[in-house]
Amino acid sequence: IVLLESRDKFTCWQDVADKGVHAFTKAEELFSQAAAAFADIEDRKMVDNAKEKETEANERKIHAEELAECAVVVIQSSGEWAPQRKDKFRRTMPYGTAQQAISDAASLGKTTTYHTESQILEGSVVALKARTHEVEDTLEITRNVVICAETEVTAQNCTLLIQRRSLLISSAKSLKIENVSLVQKLGDGAEDYWSGGLFVVKVEAGQTEVLDCFIQSQRGTGVVADDKGKVMLEHCNIFECGQYGVGADGPEALVDVRDCTIEACKFEAWDERNGARVVGVEDED
């Protein structure tokens, strides 16, 4: 019982992933032994109770294994996970890919897993596990969301990667990206950012904060503010971009650079045009 109820001491999903498999596996074994012992003394009621707890321990063990193996979790602003499902003990389902999790939370506003469909609240957190998350299609952000590495994981160990396309474009009112390496590789780098060229992050409207991130575009520009988009970069390293480090185009476009490093880009560290502003950064020597 103590092992099974150790779930109450888990303060976050990482606890379930890190400690749950061992705790619930041991609980399952003990309740199985208890059921056998009660069967020997022909105590039917206690046999049934022990088997019920054994089943619960098994379900919780499976859930802990899912958490340990998953790539991403979506934590809603209400504190609930998405998606929610109707299982008695496995009420949540983590995501297998960053592409699906970000699309559901930041664009569709509902889950698309085969387990269940449920609404996802704005302001949810997409927490990426430590690994390289390669996406196939440009991530389109239209809803308020936070995209970040899971607790205690740094940007060096958590990467969002796309090849031959731009990584992310946002028109959300509020987007925050934190502690993630954002990388765009390969592709046609002939076009400039203001004429359809490649980029890592492009903000067309709303406010985007990018904090403690590494940003690289092999064939394009690192971060772009376009039209009415506003970007605040803080404690970021933008490096080895195929064109500019940051760029802004349009009279309302703004990139605010705070305590960042922009280095080894093919063109200038920054570029602004058509009344746009890039503040807080100077050209590298």
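Up top is the structure.
Residues numbered from 1 in each chain as written. Predicted model: local features only at pLDDT ≥ 70, side-chain atom pairs only at ≥ 80, totals over all residues. Heavy atoms only, no water.

A. Layout of the sheet that holds strand β14 (residues 221-226). In spatial order, the strands read β5-β8-β11-β14-β17-β20; together these 6 strands make up an open sheet with parallel pairing. Strands at the two margins of the open sheet, each flanked by one partner only, are β5 (139-141) and β20 (270-273). Strand-to-strand, the axes of this sheet are offset by a mean angle of 10 degrees, without reference to chain direction. Of the pairings in the sheet, the one linking strand β8 (residues 168-170) to strand β11 (residues 199-203) comprises 3 bridges and is parallel in character. Bridged to Leu168 within β11 is Val201. (Pairing = 2+ DSSP bridges. Helix = DSSP H or I, 4+ residues; strand = E, 2+ residues; numbered from the N terminus. Axes fitted to C-alpha atoms, helices over the stretch in contact; angles between N-to-C directions.)

B. Inspection of unusual backbone geometry at higher detail. For Leu186, which is not glycine, the phi torsion reads 60 degrees and is therefore positive. Within the secondary structure layout, Leu186 lies in the loop between β10 (181-185) and β11. At Asn274, a residue that is not glycine, the phi angle is positive and equals roughly 55 degrees.

C. Layout of the pattern of salt bridges. The tally for this structure, following the rule as stated, stands at 7 salt bridges. Note that Asp137 is salt-bridged to Arg165, the shortest N-O span being 2.6 Å. Taken together, the residues Asp137 in the loop between β4 (132-134) and β5 and Arg165 in the loop between β7 (159-163) and β8 connect sequence positions 28 residues apart. Given a relative accessible area of 36%, Asp137 falls into the partly exposed group. (Salt bridge = Lys/Arg side-chain N within 4 Å of Asp/Glu carboxyl O. Buried < 20%, exposed > 50% of the residue type's maximum accessible area, 1.4 Å probe, protein only.)

D. Expanded view of the sheet that holds strand β15 (residues 230-234). Read across the sheet, 9 strands follow the order β2-β1-β3-β6-β9-β12-β15-β18-β21 without closing on themselves; strand pairing throughout is mixed. Across the chains shown, the open sheet's two edge strands, defined by having one partner strand only, are β2 (81-82) and β21 (277-279). Of the pairings in the sheet, the one linking strand β6 (residues 145-149) to strand β9 (residues 174-178) comprises 4 bridges and is parallel in character. Across the sheet, residue Val146 finds its bridge partner in β9, namely Lys176.

E. Quick look at helix α2 (residues 44-69). Between its first and last C-alpha atoms α2 spans 38 Å; for 26 residues at 1.5 Å apiece the expected length is 38 Å, and the two agree. Three or more residues of α2 are buried, namely Val47, Ala50, Glu56, Ala57, Arg60, Lys61, His63, Ala64, Glu66 and Leu67. (Expected span 1.5 Å × (residues − 1).)

F. Spotlight on the pairing of β14. Across the 6 residues of β14, 6 count as buried, placing the element largely inside the fold. Here β11 runs beside β14; their pairing, made up of 4 bridges, is parallel. Of the residues in β14, the one forming a bridge with Lys202 is Val224. Bridge count between β14 and strand β17 (residues 246-249): 4 bridges; the pairing is parallel. Within the sheet, the bridge partner assigned to Val223 lies in β17 and is Val246.

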